[in-house]
Structure formats: structure tokens, C-alpha cells
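Coordinate inspection notes
Chain by chain, the residues run as shown.
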Amino acid sequence: MNIQECIVVEGKDDTMAVKRAVEADTIETNGSAIGEAVLKRIALAQERRGVIIFTDPDVPGERIRRIVSREVPGCKHAFLTKEDALSDARDNIGIENASPEVIQRAIRRVREEVPVDVIKTERVSRQDLVDAGMMAGSQSRRRREKMGERLNIGYANAKQFLKRLDMFNIQRAEFARAAAEVLEEEATRAQRNSNAEPDEGNS
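Below: a short report on this structure. (Residues numbered from 1 in each chain as written. Predicted model: local features only at pLDDT ≥ 70, side-chain atom pairs only at ≥ 80, totals over all residues. Heavy atoms only, no water.)

**Brief notes about unusual backbone geometry**
Convention followed: Strands here are runs of E lasting at least two residues and helices are runs of H or I lasting at least four, both read from the DSSP assignment and numbered beginning at the N terminus. Buried, partly exposed and exposed residues are distinguished by accessible area as a fraction of the type maximum, computed with a 1.4 Å probe on protein chains only: under 20%, between the cut-offs, and over 50%, respectively.
Not every positive phi belongs to a glycine, and Arg 90 is a case in point at roughly 60°. Counting through the fold element by element, Arg 90 comes out in the loop between strand S4 (76–77) and helix H4 (100–108). Exposure remark for Arg 90: the relative accessible area of 53% places this residue in the exposed category. Non-glycine residue Asn 169 carries a positive phi angle of around 55°. Here Asn 169 shows up in the loop between helix H7 (158–167) and helix H8 (172–196).

**Looking at the sheet that holds strand S1 (residues 6–9)**
The condition is simple: DSSP bridges decide pairing: two strands pair if at least two such bridges lie between them. Residues are treated as being in contact if the distance between any of their heavy atoms lies within 4.5 Å. Geometry is summarised by axes, namely lines fitted to C-alpha atoms with helices restricted to the contacting stretch, and by angles between N-to-C directions that run from 0 to 180 degrees.
Taken together, five strands build an open sheet; the order of strands is S2-S1-S3-S4-S5 and the sheet is mixed. The open sheet has two edge strands, strand S2 (26–28) and strand S5 (111–112), and neither has a second partner. Alignment of strand S3 (residues 51–53) against S4, held across two bridges, turns out to be parallel. For Ile 52, the partnering residue across the bridge sits in S4 and is Lys 76. Its contacts with the sheet put helix H2 (residues 36–48) on S1, S2 and S3, and the angle it makes with S2 is roughly 160°.

**Some remarks on the packing of helix H6 (residues 140–151) against H7**
For any two helices packed against each other, one specifies the inter-axial angle together with the distance between the axes. Heads up, the rule is: Put simply, angles under 35 degrees are roughly parallel, angles over 145 are roughly antiparallel, angles from 65 to 115 are roughly perpendicular, and the rest are oblique. Here is the rule for handedness: rotate from the far helix to the near one, and if that takes an anticlockwise turn smaller than a right angle the crossing is left-handed, while a clockwise turn gives right-handed. Note that Gly is not counted as nonpolar here; it falls among the polar residues with everything else outside the nonpolar set of Ala, Val, Leu, Ile, Met, Phe, Trp, Tyr, Cys and Pro and the charged set of Asp, Glu, Lys and Arg.
H7 packs onto H6 with a crossing angle of 20° between their chain directions and a minimal axis gap of 12 Å. Comparing their axes, H7 and H6 come out roughly parallel. In this structure, the crossing between H6 and H7 has a hand that is left-handed. Along the contact surface, H6 presents Arg 144, Met 147, Gly 148 and Leu 151, while H7 presents Ala 158, Phe 161 and Leu 165. Each residue belonging to the contact of H6 with H7 can be placed in one class, and the counts come to five nonpolar, one polar and one charged.

None of this, on its own, says anything about what the molecule does.
What follows is the structure, encoded as C-alpha cells:
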């Protein structure tokens, strides 16, 4: 895979992982305190070639994503799930832990930001998230994680998740289809677990 856009990553280990997977140039933020010079490089890359933001699926990584997205509008976004970014020892989350195949898949499925002046006729509302059980309750976090995987927009808390749905112009119909799949999968798993429980009368 040869990637035209510059890929924004957090550090050298991420660059190495990306270059094992694809032919691409990277820009490293070197942590969450992104300097003005780095932002200028990203802005120039966006103007000349386009930019894909590809940060770790954790709190610092999401902070970097928001900063770059705010300062350099119009970027594309690639996401990994936490499971795909987990080290073998399960004690570290980062792009550097992902396999080349996983990184290739994430980059193939990039999402592009939608300009703020684009009319979004079927926007997902806060009530849609509430109705789908993704804004409150014991299952809301896990459901947003699953939705983030299906829609390829990553995990976020309820407020940020709603913003992300808007940013990537996820229409209500697309949201509803994905939500139905997540809830059906949840119900199937619950039924399977229920069937696996031993009969108390025979125990």
C-alpha cells in the first residue's frame, strides 16, 4: 500500500509500525504537548498532500486527535480498537503494538471530516443515543465501543461520540443499522450465556 497522505502519529515507535505496514510519510507529534512548529508542518501537509490522523486509542491519543483536528480542519482519521492496539503483555496500548494487517485495515477504512457548512439533513441526535442505550446505563460504554468499531470512528465518551458522529456525517439511517446490529449481537450473547448456565435443579 502506497499512501499519498502524511500520517500523523505520536512517536518513533508508531512510525516504525506504520512503515512496516504501508509506504507512507509520517509526522510525529512527540507527545500530547503539540508545538506550533509541528502544527504548521501538519497544516502544510494537509494543504499539499492531505493528512491522516492515526493516534493511539487512549486518552492522550484522543486529545492529540482533537487538537490536530481543531487546528488543521479537513483531516482524515484512522482508528484502532484498544484490543488491536494492546501489547502481548496486555500492559500497553499503542499503534506500535498493532500488526501490519491491522494497520492496513485501519488506513483503508479512513473517515473524512465533513466541512461545517455541509448541510446534514439526518443528523444523529442526543435522543437517538439515549434511545439506543449509549448515553447512560451499565451497557452504554460497551455499546459505544462496539458502535465505534462498526462505524470506524473509534471510542469516545457520550458527548464526544455525538460530536464525532456529526463530524463524520454519520446519518441516522446508518447509525440505526449499526445500533440494531450491536443490540442484536448483545441479545445473542446474553441468550448464549443463559443457555450455558447449569440447571440449579441438576447441580
